[in-house]
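An overview of the molecular structure
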Amino acid sequence: MDSNVNQLLKLRREKLQRIVEAGINPYPVKSHRTRQIGELFHDKERWIASEEQFSVCGRLVAMRRQGKLGFGNLEDISGKIQIYVAQNLIGEENYEVFKLCDTGDFIQVDGAVFNTQAGEYSIKAEHITMLSKNLRPLPAVKEKIVDGKAVRYDEFADIELRYRKRYLDLLLNPGHRQVFIQRSAIIKGIRKFLDSREFIEVETPILQPLYGGANARPFITHHNTLDTDLYLRIALELYLKRLIVGGFERVFEIGKNFRNEGMDRFHNPEFSMLELYQAFSDLSGMMELTESCFKYLAKEVIGQDVFHFQGHEVNLTGEWKKASMIELVKEYSGFDASDFDEERIAAECNKRKIEIPKGAGAGKMISLLFEACAEEHLIQPTFVTDFPKEISPLAKEKPGNPNLTDRFELLIAGCEFANAFSELNDPLDQRMRFEAQARLKELGDEEANVVDEDFLEALEYGMPPMGGLGIGIDRLIMLLTENNSIKEVILFPQMKPE
RNA sequence: GCAUCUUUAGCUCAGCUGGUAGAGCAACUGACUCUUAAUCAGUGGGUCCGGGGUUCGAGUCCCCGAAGAUGUACCA
């Protein structure tokens, strides 16, 4: 395999040598561009009539040379245009440069636009300049326009190669490039939406002396100067809350979290998260905000109400369903867990062959029942409310029920998309919750929270009542771009070393 | 982690019940001044994912391993 690659490389290197010997710089510093290719398509007739001379730059993605005349396709970020290169126009010397071009090279073409005899809108080259020589032939993807639609042949389609060599995927598969353009637009849309609600964007530490804000195993690293271990954050929560203690009333952060866990089509070890906190709001405020934000992004950024996702048709319009976890368990399994009777609930879990982890109480078991019975049925957007306190160590107790919290998760197509609560601001209660987590940790729960004394101290100074919300950005983008794997929406997903 | 499937030329793929590899595109050489999946003629290119085994003989059968996909478990 290697020897063959080397042979292909060798030929391109020899060509490079010939270019250098001809006195041409294959990697010049200067390029000159007066128009993007896309601009030339705005009003073709006007450009043709103007006979204006353009300089365009781009990658040569196809070549059709025939003796002393040649065609090529030149592509930049804005579009693709055919170039027409005739020896009698550019001169013998410059035509030699064209003959040394390969697909994959970056070149500059100077000339005006015209229609060829076949009616193809093209640039009639007056001069060709080599901008960057390609030394490794690109995988061959051909394209034919049928009824105005591009039909592609021999697409660069190997999933593993696409992820490992993402630059080739982006270069050769315009549809996949589009996903990341949309990703950028969606994130921009989130910022615009939150800006309209007077949130400020902040940045909090990724390297943390303690990790918290979620149940997950962390990545551990080491700081040499401080000679101390640090954790990569698993959530943004505890630092953002400190900012609300500090007097900010509406903050958000969009950033990477890191969780040392398994990978599948919904999980990448590093993933993007939006978290926001709004003082003097609460759970219902977060619900309204979540629903408005999703609808805004769907309508204003993507321009769609209905999305095909995970084999379902998801409709984001209308008022979203709200139901408590216990109601949903009852609806889909017939089992009523509202009495929090540990023995009865454990028996129900056993009946359904659900493994009960060490130290799990009624609340944890209810959530397991919910996941086993109800989750997969929640296809249209559903706010699942009233989470057991036991599994919600940072959420405020639900008034009138000490077993539950004022929390929701948003489920769409059976997947979790958002998580929000009325945030716990009682420092004494928070300490007891941390201690309960610490006991779970001693029982072997590697994902239980650790006691964060510095955070508790901050709470003791006083934190206003507030709503908090987390949205998994990658999953949101999966939904809005209709992709079924998280790897399709992360530019460089985690892969095992080859 | 477990189960199933996949891995053959730079890319996309063929290769039936075992007889030491094929196509298209890409590459290279030549022809060609209106092509556009350009065309025509010719050429080169493979440790068949890796390692063992069975066999006179393995891309093909068996075992072990690797990577990937899917499902499942775990991950609220």
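How each quantity is defined
- Residues numbered from 1 in each chain as written.
- Chains lettered and ligands numbered in written order.
- Predicted model: local features only at pLDDT ≥ 70, side-chain atom pairs only at ≥ 80, totals over all residues.
- Heavy atoms only, no water.
- Pairing = 2+ DSSP bridges.
- Helix = DSSP H or I, 4+ residues; strand = E, 2+ residues; numbered from the N terminus.
- Contact = heavy atoms within 4.5 Å.
- Axes fitted to C-alpha atoms, helices over the stretch in contact; angles between N-to-C directions.
- Buried < 20%, exposed > 50% of the residue type's maximum accessible area, 1.4 Å probe, protein only.
- Arc of directions from axis to C-beta.

**Quick notes on the sheet that holds strand S8 (residues 200-201)**
If you walk across this open sheet you meet the eight strands as S8-S12-S13-S22-S21-S20-S17-S16, and the pairing is mixed. The two strands at the open ends of the sheet, each matched to only one other strand, are S8 and strand S16 (321-324). When strand S17 (residues 382-385) meets strand S20 (residues 407-412), the two strands line up antiparallel, connected through four bridges. In the sheet register, valine 384 faces S20, and the bridge partner there is glutamate 409. Against the sheet, helix H8 (residues 237-245) engages strand S12 (250-258), strand S13 (270-279), strand S21 (415-422) and strand S22 (466-472), with an angle of about 25° to S13. In the packing of helix H9 (residues 283-302) onto the sheet, contacts are made with S13, S16, S17, S20, S21 and S22, and the angle to S20 comes to roughly 20°.

**Structural notes on the pairing of S20**
By the criterion of burial, S20 is predominantly enclosed, with six of the six residues buried. Residues Arg407, Glu409 and Leu411 line one face of S20 and the alternating positions Phe408, Leu410 and Ile412 line the opposite face, and both faces are buried. Alignment of S20 against S21, held across six bridges, turns out to be antiparallel. Looking at the pairing, arginine 407 lines up with phenylalanine 421 of S21. Following S20, the chain reverses through two residues before pairing antiparallel with S21; alanine 413 in that reversal takes a positive phi of roughly 55°.

**Some remarks on helix H4 (residues 92-99)**
The complete set of buried residues in H4 reads Asn94, Tyr95, Val97 and Phe98. An end-on view of H4 places all buried positions within 150° of arc, on one side of the element. Opposite its buried face, H4 presents the exposed residues Glu92 and Glu93, each directed more than 90 degrees away. Looking at the buried positions of H4, the neighbouring elements they touch are strand S1 (54-66), strand S2 (69-76), strand S3 (79-86), helix H3 (87-90) and strand S5 (121-132).

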